[in-house]
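Working through the structure, step by step
Listed below, chain by chain, are the residues.
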Amino acid sequence: MVAQSTAVDPPVLNEEEQLALSQEAHADKIIRQNVVWAAGGGIIPVPVFDFVAIAAVNIKMLRELAAVYELPFKEDQVKSILASLLAGLGAPTLGMALTVSLVKAVPVIGVLSAVAAVPLLSAAFTYAVGKVFVQHFAAGGTFLNFDPKRVRAHFAREFKEGKVVASSIKAKPAGPVSPTV
């Protein structure tokens, strides 16, 4: 008696589906790399400079994601969108992030306490920005038709998930990460 194989052949994907999967995988890699960079920016011991570094990482990430989806990129437009998304997190989250950053001005104790919180918040923010934009771009959206108010609840969920993801990345041994250009 010949044993029959119970393996199921993988579904055949058309060219458009293959491209979408390829874009999504590339986008996920970009997000993960920039989450690590944003966490590193959160370690900068000088108040406010950490936020500048984190903003630069997010602008870089969105430039890279736009390239993956072959979309035009305008830095001024992206800065406004990032500010809207940040504001959408609400006063308690913004207040906490700003306070923790300013605590870095206190010698030794301030820096040590802020090093624990700012990298996590900046990594979570970067994760949420990346995930929201990947979904928007995959659905055919552009920077021009992105509405921060419409995605506010989704962004908040991704920010919460980003805290978990950032914690898990932090817990893993650091491997080599190279920035993409």
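Keep in mind the model is a prediction, meaning the values are calculated, not measured.

Next up on the list: the overall build of the protein chain. Looking only at helices and strands, one finds six helices and zero strands in the protein chain. Ordered by position from the N terminus, the helices and strands of the protein chain form the series α-α-α-α-α-α. Expressed as a percentage of its 181 residues, the buried residues of the protein chain come to 36%. Counting only contacts in the protein chain whose residues sit at least 6 apart along the sequence, the fraction spanning at least 24 positions is 75%. In the structure as shown, the protein chain presents an accessible area of about 10900 Å², 65% of it carried by carbon and sulfur atoms.

Within soluble globular proteins, side chains that are nonpolar generally end up buried alongside one another. Judged by nonpolar contacts, the single largest core of 36 residues is most densely connected at Leu65, Leu85, Val129 and Phe133. Every element with two or more residues in this core is listed here: α1 (15–42), α2 (49–68), α3 (75–88), α5 (109–138) and α6 (152–171). Dropping the residues within four chain positions of it, Leu85 is found in contact with Phe125, Val129, Phe133, Phe146, Pro148, Val151 and Phe155.

Turning to the packing of aromatic side chains, a few remarks are in order. The full count for this structure, using the stated rule, is seven aromatic pairs. Residues Phe133 and Phe146 carry aromatic rings whose centres are separated by 4.2 Å and whose planes lie at 20° to one another, so their mutual orientation is stacked. Residue Phe133 is located in helix α5, and its partner Phe146 is located in the loop between α5 and α6; the two are separated by 13 residues in the primary sequence. Look at Phe133 and you get buried, because its relative accessible area is 0%. Taken together, the aromatic side chains of Tyr69, Phe73, Phe133, Phe137, Phe143 and Phe146 make up a single cluster linked through ring pairs.

Because the α-helix completes a turn every 3.6 residues, residues three or four places apart line up on one side. Relative to the 28 Å expected for 20 residues at 1.5 Å per residue, α2 spans 29 Å between its end C-alpha atoms, a close match to the ideal helical length. Taken residue by residue, α2 has Asp50, Ile54, Val57, Asn58, Ile59, Met61, Leu62, Glu64, Leu65, Ala66 and Val68 as its buried positions. Count one or two residues on from α2 and you reach Glu70, which has phi positive near 55°.

Turning next to unusual backbone geometry. Residues other than glycine seldom take positive phi values, yet Glu70 does so here, at roughly 55°. Considering the arrangement of structural elements, one finds Glu70 in the loop between α2 and α3.

Okay, the pattern of salt bridges next. Tallied over the entire structure, the rule returns four salt bridges. As a salt-bridge pair, Lys131 and Asp28 come within 3.0 Å of each other at their nearest N and O atoms. Of this pair, Lys131 sits in helix α5 while Asp28 sits in helix α1, and the two are 103 residues apart along the sequence. Residue Lys131 is classed as partly exposed on the basis of its relative accessible area of 24%. Linking Arg63 and Glu75 is a salt bridge whose minimum nitrogen-to-oxygen distance equals 3.1 Å. Of this pair, Arg63 sits in helix α2 while Glu75 sits in helix α3; the two residues are 12 residues apart in sequence, bridging distant segments of the chain. Within this structure, Arg63, Glu75 and Lys79 form a network of salt bridges that share partners.

Below, the discussion takes up the packing of α2 against α3. For the pair α2 and α3, the least separation of the axes is 10 Å and the interaxial angle reads 120°. Classified by the angle their axes make, α2 and α3 are oblique. Taken as a pair, α2 and α3 cross one another with a handedness that is right-handed. Side by side, α2 and α3 meet where Ala55, Asn58, Ile59, Leu62 and Arg63 of the first sit next to Glu75, Val78, Lys79 and Leu82 of the second. For the contact of α2 with α3, the residue count by class is five nonpolar, one polar and three charged.

On to the side chain of His154. With respect to the helices, strands and loops of the structure, His154 is situated in helix α6. One polar contact links His154 to Gln135, side chain to side chain, over a distance of 2.7 Å. If sequence neighbours within four positions are ignored, His154 has contacts with Val132 and Gln135.

Definitions and cut-offs
- Residues numbered from 1 in each chain as written.
- Predicted model: local features only at pLDDT ≥ 70, side-chain atom pairs only at ≥ 80, totals over all residues.
- Heavy atoms only, no water.
- Helix = DSSP H or I, 4+ residues; strand = E, 2+ residues; numbered from the N terminus.
- Buried < 20%, exposed > 50% of the residue type's maximum accessible area, 1.4 Å probe, protein only.
- Contact = heavy atoms within 4.5 Å.
- Areas by Shrake-Rupley, 256 points an atom, 1.4 Å probe, with all protein chains shown as cover.
- Core = buried A, V, L, I, M, F, W, Y, C linked by side-chain atoms within 4.5 Å.
- Phe/Tyr/Trp six-rings, centres within 6.5 Å; stacked < 30°, edge-to-face > 60°.
- Expected span 1.5 Å × (residues − 1).
- Salt bridge = Lys/Arg side-chain N within 4 Å of Asp/Glu carboxyl O.
- Axes fitted to C-alpha atoms, helices over the stretch in contact; angles between N-to-C directions.
- Parallel < 35°, antiparallel > 145°, perpendicular 65-115°, else oblique.
- Left-handed = near helix turned anticlockwise from the far one by under 90°.
- Nonpolar A, V, L, I, M, F, W, Y, C, P; charged D, E, K, R; others polar.
- Polar contact = N/O pair within 3.5 Å; in protein donor to acceptor, adjacent residues only side chain to side chain.

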